[in-house]
Amino acid sequence: MRGAVLHGPGDVRVEERGDPEIVAPTDAIIRLTAACICGSDLWPYRGLEENGDPAPMGHEYVGVVEEVGPEVATVRPGQFVVGSFWASDNTCEICRAGYQSGCVNRVLMGSIGTQAQYARIPLADGTLVATPGMPEPELIPSLLAASDVLGTGWFGAIAAAAGPGKTVVIVGDGAVGLCGVLAARHFGAERIIAMSRHESRQELARRFGATDIVTERGDEGVARIMELTNGLGAHSVIEAVGTQSSMTQAIRSTRPGGHIGFVGYAHDVALPGDELFFSLVHLHGGPAPVREYLPELIDLIWRRVIDPGQVFDLTLPLEQAAEGYRAMDERRAVKVLLTP
């Protein structure tokens, strides 16, 4: 089969990879209908994270089940499925508490690589969720978004306690941040402030439900949030970048007693204990337990209540994955959908 492989910083190649096979009785093989490039894929692409080159790429996926192991009971060949970027058994004590991304048997799908024509899905019963039927083509981008960025934005909004009467700030205007805007609206937030400097992303944030746009960053961005919240700060802040500056901005934009949901893939972030202590904020986040939300997200998408697929602003064939990486790295695209 064909699949994207990272050979070093800036060097993505689509090449022949071995066809996946059933390894464990709990595995499934799926034929990818769509895959995509994630913002977190850019860390190793930029040489900012060791990835064990050459390495298969991709962890977001939707497709049709081709084959299942003898112990798989909840999905069958021919079904269209969505899976989380973490494979999980969905039965351990951590999974049952709603944190499948911390499953004791978890497998990071990035280690398998789903920017490909086919993929082996470990722990298929606990990882894959079948759609009610074969989706219409226009639903596929939204279902693909549910595999990671939508579920991650959803978790960010939940961790930030977004809800009716709340002012929610979203730090980060990538696909996760934009899905955080959508989630905050779904949960009934009264005011949704998207921090963005890019006109196209601002427009999508407004379509998703943002009531205000703040273009300033850093201390100026914090000052603007304080101005908009009568000097108190936001009730809820979703941090969707993962850098020192974005986390600091999130903490300083939150009112005492407020909540921060941090879902940006953190790199070299250090929190000063004294500032965190006196901030009086609730801080919760990490890799999103997407599997917890997949049934609800699939239902909302299937009924066309939400349309997160709008985050995909560039679609390319898998063979042009390298161009997709360049487009996202150069911020010419918010998120790239790949069609195997």
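Along each chain, residue indices are assigned from 1 in the same order as the chain's sequence is written. At least 70 in pLDDT is required for a residue's local features to be given in this predicted model, at least 80 for side-chain atom pairs to be given and counted, and no such filter applies to totals for whole chains, interfaces and linings, which use all residues. For side-chain calculations, the full set of non-hydrogen atoms in the structure is used, while hydrogens and water are omitted.

Undergrad: How would you summarise the environment of Pro135 if you had to cite specific residues and measurements?
TA: Structurally, the position occupied by Pro135 is in the loop between strand E10 (128-130) and helix H4 (140-146). When the C-alpha atoms of Pro135 and Asp41 are compared, they prove to be 27 Å apart, with 94 residues separating the residues in sequence. Note on definitions: a residue-residue contact is assigned when non-hydrogen atoms from the two residues lie within 4.5 Å. Pro135 has contacts with Phe80, Ile140, Leu143 and Trp302, leaving out every residue within four places of it along the chain. Numbering of helices and strands runs from the N terminus; a helix is a DSSP stretch of H or I covering at least four residues, while a strand is a stretch of E covering at least two.

Undergrad: Break down the pattern of salt bridges for me, with residues and values.
TA: When a carboxyl oxygen of Asp or Glu lies within 4 Å of a side-chain nitrogen of Lys or Arg, that pair is called a salt bridge. Inspection of the entire model under this criterion finds 19 salt bridges. For Arg207, the salt bridge goes to Glu203, with nearest N and O atoms at 3.3 Å. Linking Arg207 with Glu203, this pair stays in helix H7 (residues 199-208), spanning 4 residues, or about one helical turn. When a residue's accessible area, from a 1.4 Å probe over protein chains only, is under 20% of the maximum for its type it is buried; when over 50% it is exposed; and in between it is partly exposed. Residue Glu203 is classed as partly exposed on the basis of its relative accessible area, which comes to 47%. For Glu323, the salt bridge identified is with Arg326, shortest N-O distance 3.3 Å. Of this pair, Glu323 and Arg326 both sit in helix H12 (residues 321-329), separated by 3 residues, roughly a single helical turn. With a relative accessible area of 24%, Glu323 lands in the partly exposed category.

Undergrad: Could you give an account of the nonpolar core, with specific residues and numbers?
TA: Formed by 57 residues in total, the largest nonpolar core has its most connected members in Val62, Leu143, Leu150, Trp154 and Val311. Ranked by residues supplied to this core, first place goes to helix H6 (residues 175-186) with 8 residues. Once residues lying within four places of it in the same chain are set aside, the contact partners of Leu143 are Val62, Phe80, Val82, Thr131, Pro135, Ile298 and Ile301. Counting residues in each nonpolar core, the second largest holds 17 residues, with Leu6, Val14, Leu318 and Ala333 among its members. Within this scheme, the nonpolar core is defined by two criteria: the residues are buried Ala, Val, Leu, Ile, Met, Phe, Trp, Tyr or Cys, and they are joined through side-chain atoms within 4.5 Å.

Undergrad: For the side chain of Gln249, give the residues involved together with the corresponding values.
TA: If you trace the backbone, Gln249 turns up in helix H9 (residues 244-253). Apart from the residues lying within four places of it in its own chain, the contact partners of Gln249 are Val171, Met195, Arg217, Gly218 and Val222.

Undergrad: Talk me through the sheet that holds strand E12 (residues 191-195); I want residue IDs and the actual numbers.
TA: Reading across from one edge, E13-E12-E11-E14-E15-E16 is the order of the 6 strands in this open sheet, with parallel pairing throughout. Both outer strands of the open sheet, strand E13 (212-214) and strand E16 (282-285), are each paired with one neighbouring strand and no more. Shown here is a sheet whose adjacent strand axes are inclined to one another by a mean of 20°, direction ignored. Only strands joined by at least two bridges in the DSSP assignment are considered to pair. In this structure, E12 lies alongside E13, joined through 3 bridges in parallel fashion. If you follow Met195 over to E13, its bridge partner there is Val214. For helices, the axis comes from a line fit to the C-alpha atoms of the stretch in contact; other axes are also lines fit to C-alpha atoms, and the angle between any two N-to-C directions lies between 0 and 180 degrees. Taken strand by strand, helix H8 (residues 218-228) contacts strand E11 (167-171), E12, E13 and strand E14 (234-239), and its axis lies near 165° from that of E12.

Undergrad: Quick rundown of the sheet that holds strand E2 (residues 11-16)? Include the residues and the values.
TA: The antiparallel open sheet is built from 3 strands, whose spatial order is E2-E1-E4. Edge positions in the sheet fall to E2 and strand E4 (55-56), since each of these pairs with one other strand and no more. Alignment of strand E1 (residues 2-8) against E4, held across 2 bridges, turns out to be antiparallel. Bridged to Leu6 within E4 is Ala55.

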